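Notes for the structure review
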Amino acid sequence: MATKRKTRRIDPDHEVAIIGAGPGGIAAGVKLAKAGIEDFVILERESDFGGSWHENTYPGLSVDIPWPAYQFSFERRTDWERFFPSGPEVKHYHADVARKYGLYRHAEFGVNVEREEFDDANHLWRLHTGTGRVITARHVISAVGAFVRPRADAVPGVADFAGMIQRPTAWNHDYDLTGKRVAVIGTGASAVQIIPAIAGRIGAMTVFQRTPVWSMPKPDFRTPAWLKSVLRVPGVMPLLHQTILIVVDVAGRLIVGIPPASAKPVLNAFDRTIVKAYGRYVRFMVKDPVTASKLTPDFGPITKRPTANTHYLTTFNRTNVDLVTETIETVTPTGIRTADGVEREFDVIVLATGYEVFSDPETYVPGTILGRDGFDLGVFYRAEGLQAYQGVTVPGLPNRFMLVGPYCWTGSGWHDFVEMSADHAVRAIVEGRRRGATSVEIRKDVADEYHRTTYRNSEILRYYLTELNGHTNTYYRNSQGDSTYLRPSGFFEASRSLRRFPLDDYRYDRLPAVATRGRSAAARATNGRTARTEATR
């Protein structure tokens, strides 16, 4: 009689794989280590920690909010050079934090995860990389940020241009802009910083604008020694941070706390008043009335991401700077042709044309994130709209957590909410460990109820972005008409919900048996002890 052979289970390469080494990836790594989970790997497509602050090195790069609100709660610094830190300073901060907490030992750079596939027979994720290598992990924490990848098809004909193409995420600093004819396509956050930073050393600049941007003065200054001394006093920095979060919380509560019927006329009146006031400000700052009119938005200040740059508007007073609002027809070998038939010649084109963002369903390509029983996240989001329990996890994707997911942003500094999301993921993983589970999955009934509540609470945001200001392109409103970027709640409610969720909101399952293959348990434990030693140095 033939003997029935048992299927051999396999162990994953790692207990946790973190995808991305930006602020979210750093927070997740630190939180895992503090929870006693040392068998994790951080997979990063670039060559170092920092995320956007590593990729972007363009002229004028800096933070739009003051440093007390832009750093990790577990690693506060008071020695920042400027009140609104420069890009290189922020990059160094993130690398220093990663080094201090021993994360370089866990990192693999130059690894681009192209497909994630859940193996239900073994309760693990198979991460398919660009080189064909497959990395397995029991749990995946996606720490991919808000700006997933630059828009590849934003302007037709770019490949035909014979001059220099500069991109914010791949700036060539060896190329000398002195005296050059430069075109800047776009007036978003990157362009607002690049335009005044290079205007003084180029020959001529033409800015191609589709939509004007709100740009307020930035009260930037070198951080004085006395302020550093005051903030070094124990308790002062946490108190200041808490005060900032209280302001954020009040703003969030106002947005979702007022009944829509009452809020709509208030928002209408607010937009009319503030748009007129900003228009007067622009006319005061920009000498040419025609240019000032073109630079004045006809939409409210929170329709698109507002920017802060003291010199952006006044740059258009320079004789070597021109503003064009005609639609671009195509890039040519020698320049740019607009819809009115005018072709302008350039030596350099700066493509500040934006990114694919996490709040758009098109960002999630079908076939790239595959869960249990054939669940495809890209197909699901196209059919059902973007949603995730607490902005972190989706039924059908066991053992997978997002730090930047639908309805996640609380209006706070970036580090605050990725820390909260990381705490959520680590708490679920730790509870799965405690219960001896190999699969941790959010219950569908819980996730569905959470999304119904979130969608209902987002009504006023959808009204503001779709009905009141629907004529304006913005990544705060996606292609389905949903405002899935912003979390419709106060900051502290979000913090409590993310960190204190009922543990039984998840379902915990266990494989009948798990054999060992590849690295032994002893080897993983040794690696964990080594990493802990590194983290305490």
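Remember, it's a predicted structure, so these values are computed and weren't measured experimentally. Counting of residues starts from 1 at the beginning of each chain's written sequence and follows it residue by residue. For this predicted model, a pLDDT threshold of at least 70 governs which residues receive local features, and a threshold of 80 or more governs which side-chain atom pairs are given and counted, while totals over whole chains, interfaces and linings are taken from all residues. The side-chain values count all of the structure's non-hydrogen atoms but skip hydrogen atoms and water molecules.

**Examining the pairing of strand S21 (residues 439–442)**
Formally: Partly exposed residues are those whose accessible area sits between 20% and 50% of the maximum for their type, while under 20% is buried and over 50% is exposed, using a 1.4 Å probe and protein chains only. Secondary structure elements follow DSSP: runs of H or I of four or more residues count as helices, runs of E of two or more count as strands, with numbering from the N terminus. Two strands pair under a simple rule: DSSP has to find at least two bridges between them.
Side chains Ser439 and Glu441 of S21 all project onto a buried face; the interleaved residues Val440 and Ile442 project onto the opposite face, where all are buried too. Where S21 and strand S22 (residues 506–509) come together, four bridges link them in antiparallel fashion. If you follow valine 440 over to S22, its bridge partner there is tyrosine 508.

**Section: a nonpolar patch on the surface**
What counts here: Each patch is built from salt-bridge-free residues with over 30% relative accessible area, joining like charges within 9 Å and nonpolar side chains (Val, Leu, Ile, Met, Phe, Trp, Tyr) within 5 Å. All accessibility values rest on the Shrake-Rupley procedure with a 1.4 Å probe; residue burial counts only the protein chains present in the view. The term salt bridge refers to a pairing of a side-chain nitrogen on Lys or Arg with a carboxyl oxygen on Asp or Glu at a separation within 4 Å.
Residues Ile246, Val250, Leu254 and Ile258 make up a contiguous nonpolar surface patch of roughly 330 Å² in combined accessible area. Within the element layout of this structure, isoleucine 258 appears in the loop between helix H6 (236–257) and helix H7 (260–285).

**Here's the deal with the pattern of salt bridges**
Across all of its chains, the model carries 35 salt bridges by this definition. One salt bridge connects lysine 91 with aspartate 48, and the closest N-O pair in it is separated by 2.7 Å. Note that lysine 91 is positioned in helix H3 (residues 87–100) and aspartate 48 in the loop between strand S2 (40–44) and helix H2 (52–55), a separation of 43 residues in sequence. You'll find lysine 91 and aspartate 48 in the same group, each marked buried. Here the residues in one salt-bridge network are Arg372, Asp373, Glu441, Arg507 and Asp509, joined through shared partners.

**Describing the sheet that holds strand S8 (residues 164–166)**
One key point about sheets: their strands pair by backbone hydrogen bonds, in either a parallel or an antiparallel sense. Under the convention used in this document: Axes here mean lines fitted to C-alpha atoms, for a helix over just the part in contact, with angles spanning 0 to 180 degrees between N-to-C directions.
On the basis of which strands lie adjacent, the open sheet formed by five strands has the order S8-S17-S9-S10-S13 and parallel pairing. In this open sheet, the two edge strands, each paired with only one partner strand, are S8 and strand S13 (321–324). Between one strand and the next, the sheet's axes are offset by a mean angle of 20 degrees, whatever the strand orientation. Direction of pairing for strand S10 (residues 204–208) relative to S13: parallel, over a ladder of four bridges. From the neighbouring strand, valine 207 faces S13, where its bridge partner is leucine 323.

**Quick look at helix H13 (residues 459–468)**
In plain terms, the rule: Here, two residues are considered to be in contact whenever any of their heavy atoms come within 4.5 Å of each other.
Ile460, Leu461, Arg462, Tyr463, Tyr464 and Leu465 are the residues of H13 that are buried. Its buried side turned inward, H13 meets H6, H7 and helix H12 (444–457).

**Quick word on the packing of aromatic side chains**
Let me state the cut-off plainly: We call Phe, Tyr and Trp rings a pair once their centres come within 6.5 Å, taking the six-membered ring for Trp, and we label the pair stacked below 30 degrees between planes, edge-to-face above 60, and tilted otherwise. Only when the NZ of Lys or the CZ of Arg is both within 6 Å of the ring centre and within 35 degrees of the ring normal is a charge said to sit over the ring.
Per the counting criterion, the structure on display carries 32 aromatic pairs. Taken together, a centroid distance of 6.0 Å and an interplanar angle of 80 degrees make the contact between tryptophan 53 and tyrosine 70 edge-to-face. Of this pair, tryptophan 53 sits in helix H2 while tyrosine 70 sits in the loop between H2 and H3, placing them 17 residues apart in sequence. Per residue, the accessibility class of tryptophan 53 equals that of tyrosine 70, and both read buried. Where tryptophan 80 meets tyrosine 93, the ring centres are 5.0 Å apart and the plane angle is 50 degrees; that geometry is what we call tilted. In this pair, tryptophan 80 sits in the loop between H2 and H3 while tyrosine 93 sits in helix H3, placing the two residues 13 residues apart along the sequence. Each member of the pair tryptophan 80 and tyrosine 93 is classed as buried. Through pairs of rings, three or more aromatic residues link up here, namely Phe147, Tyr355, Phe358, Trp409, Tyr475, Tyr476 and Tyr485. Above the face of the tryptophan 80 ring, arginine 77 is positioned so that its terminal group lies 4.4 Å from the ring centre. Sitting over the face of the ring of phenylalanine 501, arginine 427 holds its NZ or CZ atom 4.7 Å from the ring centroid.

**Looking at the environment of tyrosine 506**
As a reminder of what qualifies: We define a polar contact as two N or O atoms separated by no more than 3.5 Å, with the added condition that, inside protein, one atom must be a possible hydrogen donor and the other a possible acceptor, whereas residues neighbouring each other in sequence contribute only through side-chain atom pairs.
Along the chain, tyrosine 506 turns up in strand S22. A relative accessible area of 3% places tyrosine 506 in the buried class. A sequence separation of 232 residues divides tyrosine 506 from isoleucine 274, and the C-alpha atoms of the two residues are 45 Å apart. Apart from the residues lying within four places of it in its own chain, the contact partners of tyrosine 506 are Tyr389, Thr393, Phe401, His424, Ala428, Val440, Glu441, Ile442, Arg443 and Phe501. Here histidine 424 takes part through its side chain, which lies 2.7 Å from a polar atom of the side chain of tyrosine 506.

**Brief notes about helix H10 (residues 377–384)**
Test applied: What the arc measures is the spread of directions leading from the helix axis to the C-beta atoms.
Taken together, the buried positions of H10 are Leu377, Gly378 and Tyr381. When H10 is viewed along its axis, its buried side chains cluster within an angular range of 100 degrees and face the same direction. Summarising the geometry of H10, the exposed residues directed more than 90 degrees from the buried face are Ala383 and Glu384. Where H10 is buried, its residues contact strand S19 (369–370) and strand S20 (400–402). Of the residues that open H10, the one with a side-chain oxygen 3.0 Å from the backbone nitrogen of glycine 378 is aspartate 376. One or two positions beyond H10, positive phi appears at glycine 385, with a value near 85 degrees.

**Regarding the side chain of aspartate 249**
Looking at the element boundaries, aspartate 249 is found in helix H6. One polar contact links the side chain of aspartate 249 to the main-chain amide nitrogen of phenylalanine 491, over a distance of 2.9 Å. Beyond its immediate stretch of four places on either side in the chain, aspartate 249 contacts Gly490, Phe491, Phe492 and Glu493.

**Structural notes on the packing of H7 against H13**
Formally: Any angle between 65 and 115 degrees counts as roughly perpendicular, while under 35 counts as roughly parallel, over 145 as roughly antiparallel, and the rest as oblique. Each crossing gets its handedness from the near helix: less than a right angle anticlockwise from the far helix is left-handed, clockwise is right-handed. Under this grouping Gly is polar, as are all residues other than the nonpolar Ala, Val, Leu, Ile, Met, Phe, Trp, Tyr, Cys and Pro and the charged Asp, Glu, Lys and Arg.
Close contact between H7 and H13 brings their axes to 10 Å; oriented N to C, the two are set at 40 degrees. One element, H7, and the other, H13, form an angle in the oblique class. Remark: the crossing between H7 and H13 carries right-handed chirality. Of H13, the residues touching H7 (which contributes Pro260, Ala263, Lys264, Leu267, Asn268 and Asp271) are Glu459, Ile460, Tyr463, Tyr464 and Leu468. Considering only residue class, the contact of H7 with H13 consists of seven nonpolar, one polar and three charged.

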